[in-house]
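So the chains spell out like this:
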Amino acid sequence: MTTVLAVPEMSCGHCKSTVEGALTSVEGVDHARVDLDAKTVTIDHSDGVDGASLRQAVIDAGYTVTEGACRPPGVQPPSAIRATRP
Ligand SMILES: [Cu+2]
């Protein structure tokens with residue numbers, strides 16, 4: 001299944017590799033792909049992975065998760081996320 005988390009603090013390649021690395025180290029996660037423009041990370045993982053543990057991995061890496069939901073790939077993040085950006 002796929003989970004998309006909004007992580008608005010990501011701003012550069014370092015953030016991208018940090019967040020992707022944190023998520024792929026969670027057991028059951030196959031891939032994590034950061035989209036720096038959308039400020040989201042899309043995680044492909046097995047059904048047994050809890051969304052809360054994905055959020056926690058991002059938080060442990062030093063970032064804030066503002067929104068998270070399981071949804072199909074290609075769906076745009078909620079507009080509320082963009083509204084929180086400066
Ligand atoms: Cu950065």
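Structure shown above.
Within any chain, residue numbers begin from 1 and follow the written order of that chain's sequence. Since the coordinates come from a predicted model, pLDDT governs what is reported: local features require at least 70, and pairs of side-chain atoms require 80 or more to be given and counted, while whole-chain, interface and lining totals use all residues.

Enquirer: Explain the packing of helix α1 (residues 13-24) against helix α2 (residues 51-60) here, please?
Expert: Angle between the axes and distance between the axes are the two parameters that describe a pair of packed helices. Interaxial angles span 0 to 180 degrees and are taken between N-to-C directions of axes, which are lines fitted to C-alpha atoms, for helices over the stretch in contact. Starting at the N terminus, helices and strands are each numbered in turn, a helix being any DSSP run of H or I of at least four residues and a strand any DSSP run of E of at least two. Following both chains from N to C, one finds α1 and α2 inclined at 140°, their axes separated by 9 Å at the closest point. Classed by the angle they form, the pair α1 and α2 counts as oblique. Handedness of the crossing formed by α1 with α2: right-handed. Here α1 contributes Val-19, Ala-22 and Leu-23 to the contact with α2, which in turn contributes Leu-54, Ala-57, Val-58 and Asp-60. Roughly parallel here means an angle under 35 degrees, roughly antiparallel means over 145, roughly perpendicular means 65 to 115, and every remaining angle is called oblique. Left-handed describes a crossing in which the near helix is turned anticlockwise from the far one by less than a right angle; the clockwise case is right-handed. Contact definition: two residues whose C-beta atoms, as placed from backbone geometry, lie within 7 Å.

Enquirer: Help me out: how do you make sense of α2 in this one?
Expert: Quick reminder: α-helices carry 3.6 residues per turn. Residues three or four places apart thus point the same way. Listed in full, the buried residues belonging to α2 are Leu-54, Ala-57 and Val-58. Viewed along the axis of α2, the buried residues span an arc of 95°, placing them on a single side of the element. Seen from the open side of α2, the exposed residues pointing more than 90 degrees away from its buried face are Ala-52 and Asp-60. In this structure, the buried side of α2 is in contact with β1 (2-6), α1 and β3 (40-45). A positive backbone phi angle near 105° is found at Gly-62, which sits one or two residues after α2. Exposed residues have 12 or fewer other C-beta atoms within 10 Å of their own C-beta, buried residues have 20 or more, and partly exposed residues fall in between, where C-beta atoms are placed from the backbone. The arc in question is traced by the directions running from the helix axis to the C-beta atoms.

Enquirer: What am I meant to see in unusual backbone geometry here?
Expert: It is generally the case that most residues other than glycine have a negative phi and that most peptide bonds are trans. Residue Lys-39 is not a glycine yet carries a positive backbone phi of 60°. Within the secondary structure, Lys-39 is located in the loop between β2 (29-35) and β3.

Enquirer: Would you mind going over α1 with me for this structure?
Expert: Between its first and last C-alpha, α1 extends 16 Å over 12 residues, near the 16 Å set by a 1.5 Å rise per residue. Every buried residue belonging to α1 is among Val-19, Ala-22 and Leu-23, and all of these are buried. Down the axis of α1, the smallest arc covering the buried residues is 95°, so these residues share one side. Turned more than 90 degrees away from the buried face of α1, the exposed residues are Gly-13, His-14, Ser-17 and Gly-21. In the core, the buried residues of α1 are packed alongside β2, β3 and α2. In this scheme, a helix's expected span is set at 1.5 Å multiplied by one less than its residue total.

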